Structure formats: structure tokens, C-alpha cells
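Below are the chains, spelled out letter by letter.
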Amino acid sequence: MEERGLLHMKPKIVVAYNKVSPKVLSFLSESYHVINFDKLDAQTLPNFYQELGDAHGLLTAGLKIDSALLNRAPQLKIVSNISVGYDNLNLLELNKRNVMATNTPGVLNDTVADTVMGLILAVARRIPELDQHVKTGNWKVEDGVNLYGNNVHHKVLGIIGMGGIGTAVAKRAHFGFDMPILYHNRSRHTEAEQMVNAVYCSLEELCQQSDFMCLLTPLTPQTVKLIGEKEFKQMKSTAIFINASRGATVDEQALIRALENKEILGAGLDVFEQEPVSPGNKLLSMDNVVALPHIGSATHETRLEMAMLAAENLVSGLQGKMPPNLINREALKNLF
Ligand code: 8YV
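Residues numbered from 1 in each chain as written. Predicted model: local features only at pLDDT ≥ 70, side-chain atom pairs only at ≥ 80, totals over all residues. Heavy atoms only, no water.

### Looking at the overall build of the chain
A count of helical and extended segments in the chain gives 13 helices and 12 strands. Taken against the 2.2 N^0.38 rule, which gives 20 Å for 336 residues, the C-alpha radius of gyration of the chain at 22 Å falls within 12% of a compact globule. Seen through its C-alpha atoms, the chain measures out along the principal axes to roughly 80 × 50 × 35 Å. The 336 residues of the chain split such that 47% are buried. Here the analysis covers contacts within the chain between residues at least 6 apart in sequence; of these, 59% occur between residues at least 24 apart. (Helix = DSSP H or I, 4+ residues; strand = E, 2+ residues; numbered from the N terminus. Rg over C-alpha atoms; globule rule 2.2 N^0.38 Å. Buried < 20%, exposed > 50% of the residue type's maximum accessible area, 1.4 Å probe, protein only. Contact = heavy atoms within 4.5 Å.)

Shown next as C-alpha cells:
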């Protein structure tokens, strides 16, 4: 009884994310009353909303945080996102209510960069297609020219969005694959220029000159459909397009047309306009498209690091300290 009473004196944290490691949950439970929702569906939502009613912190990833949800959580001090992207957060609504928001930059850079290199290699060397070819009882005929792919090494890599992930991709490409690097970004990235000789250029130049074009930009109002028909038409017919940002940064219908009309050679996609991607999406029936289920950062090690960093952000905020990865300083106006 006594313990139960004490438990309820601890501030409440709601966790709405599947498979947060028990290590992270027990770290949070030391100081907080943790309510964990593995999934949010018709059955669990009413309970989730009820728990939000007196929750001080929310740990989540990708959940849409808008005024409707925030209105149900009047005690909320902080939303901690287990992701670097935070396009799921309505910052204006959070700021209005002095609710802090945090993300998890840095810890996933190398893992997402590995995924991007994997997509580049998979599309260029047709690895999933050839895997199926062999597993369905086939082998090469004579020299196997019909199974040839395209070189990756020494080809021009264009990176749109040269942040931490972009820099990690550029390092792999430059030091491992001898690829010249072009990049387009909101601002110049002198570190990347010095480290891997990355050359800053306009979006148009990047489209025209890249053999591999990697989209890594965050989704913001300025980057919605950043790549569309015009850009695909500017690209080489031998170019391979990679998207590891968000599906909405690309005009997906324009991408489908560019692939169908052979305006580009192939695509490697970790993200889609609609997720989960619809099984009827034309991209899924194309041999020259390699599709992943938005798993750029999903390794056991990195997901644990992300969740732990998110938990640390949450605890700092609730302890009245500045969270290390605060996104919205505006929310602090009346707090510190
Ligand atoms: C997550 C991501 O898969 O960090 C990001 O921005 O895209 C991924 O690491 C995603 O946010 C989880 O929903």
C-alpha cells in the first residue's frame, strides 16, 4: 500500500513507442512513474489519452504531436522524440504551451550512413534482384552480361542535406569508394569541404552531375517535394536516387514516372510518402527499386543509444535543467 502511494507521488511519464529497451524503462522508473504503451491502436488509445491527462513527460517517436493531443495533456512539460527528425511535432503548439521538445541527433549518424551505402550498393550492383535470381534456381549464362551492374567507386555522389548523417555518408564515399562529393545545403559546411573535398553546388548542378543522388534533408515546409519532375529531368539517365530523409521530400508520382520513362536508372528508398507503404505502390513492383521499411537507424545498438539519449533528455527537462538536445528554446520563455 505504502509503496503504491509512493509510486503515485512520482511524476508520471508516458512512453508511446514499441520496444523501448527494458534498460531505458528501468532508468526512467528510478525517478518516475512510467506507463508504457507498446502500441497505440483502437483498443489502447482511450487508456493512452487518459494517462496523458496527468503525465509530465512523453517519450515517443513519430507520433503526431498536435494541439488535439496536447489539449489532452495539460501537465506536460516535455515531449522527447526518439529520432533525429521531428516533423511529427507541431512546434508552434508546443511553444504556446511551454512544452519542451527534444530529439536524438548524432548517435544515429554512422548507422544511417551505413544504410545509405547499403542502398547505393544494393541498387547499383542489383543485389536483392540477383539474390532472388540465385535463390529461385538460376545462375549466370556465359559471362552473365544481363546481370551486370554499375560501378559505385569513383562515381560522383551528390548529397542534399549535409548534416551529421550527410557527413558520415560523405566520409564513407570519399575514403572508402574514392567518390568525388558534391553537396547542396542551406549553408556551407566547411568541415565537409576540408575533410572530404566536398564541393558546394546548386540543386540544379547537383542533379545534373551526380551519379548517385542522396536525399538526407529534414522534412520542413521548405523541403516538401524538394525533388520532383524538374529535378528528375535534370538528372543523368544513369543516375541512382536514394532517399533516407522522409517520403514527403520527394514527389513520389514524379519519381515513378522518372523510373518508368528511364529518366533515371534506379532508386533506393528507406522512406515513402505513405508509411507503411501501400502494397499496391508501383515502386514496389520495379526491379530497379530497392525498398526498406524506414529502418535507417534501426540496429540493436543504435536504437538503444537513441532511446537512452531520449530518456536523458526527458529527465533533464523534468528536473528543470536544459535538455541537451532541446529543439524549441521558445518553450522556455517562462520556465528558466
Ligand atoms: C526513426 C528516423 O525510424 O531519426 C529519425 O529521424 O527517421 C528514424 O531514426 C523514426 O523516427 C522512428 O519513427
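### Let's talk about the pairing of strand 9 (residues 212-215)
Residues Phe212 and Cys214 point to one face of strand 9 and Met213 and Leu215 to the other, with burial holding for every one of them. Bridging between strand 6 (residues 157-160) and strand 9 involves four bridges; their strand directions are parallel. Opposite Ile160, over in strand 9, you have Leu215 as the bridge partner. As paired elements, strand 9 and strand 10 (residues 240-243) share four bridges and run parallel to each other. Residue Cys214 lies in a different strand from strand 10, and its bridge partner there is Ile242. (Pairing = 2+ DSSP bridges.)

### A look at the pattern of salt bridges
Counting across every chain of the model gives 15 salt bridges. The salt bridge partner of Arg126 is Glu129, with a shortest N-O separation of 2.9 Å. What you see here is one network of salt bridges that share partners, running through Lys12, Glu51 and Asp54. (Salt bridge = Lys/Arg side-chain N within 4 Å of Asp/Glu carboxyl O.)

### Thoughts on the site of the ligand
Within the structure, the ligand sits among Ser83, Val84, Gly85, Leu108, Arg246, His294, Ser297, Arg303 and Met306. For the ligand, an oxygen atom lies 2.8 Å from a polar atom in the side chain of His294. Taking Ser297, its side chain carries an N or O atom lying 2.6 Å from an oxygen atom of the ligand. In terms of residue class, the shell around the ligand is built from three nonpolar, four polar and two charged. (Near = heavy atom within 4 Å. Polar contact = N/O pair within 3.5 Å; in protein donor to acceptor, adjacent residues only side chain to side chain. Nonpolar A, V, L, I, M, F, W, Y, C, P; charged D, E, K, R; others polar.)

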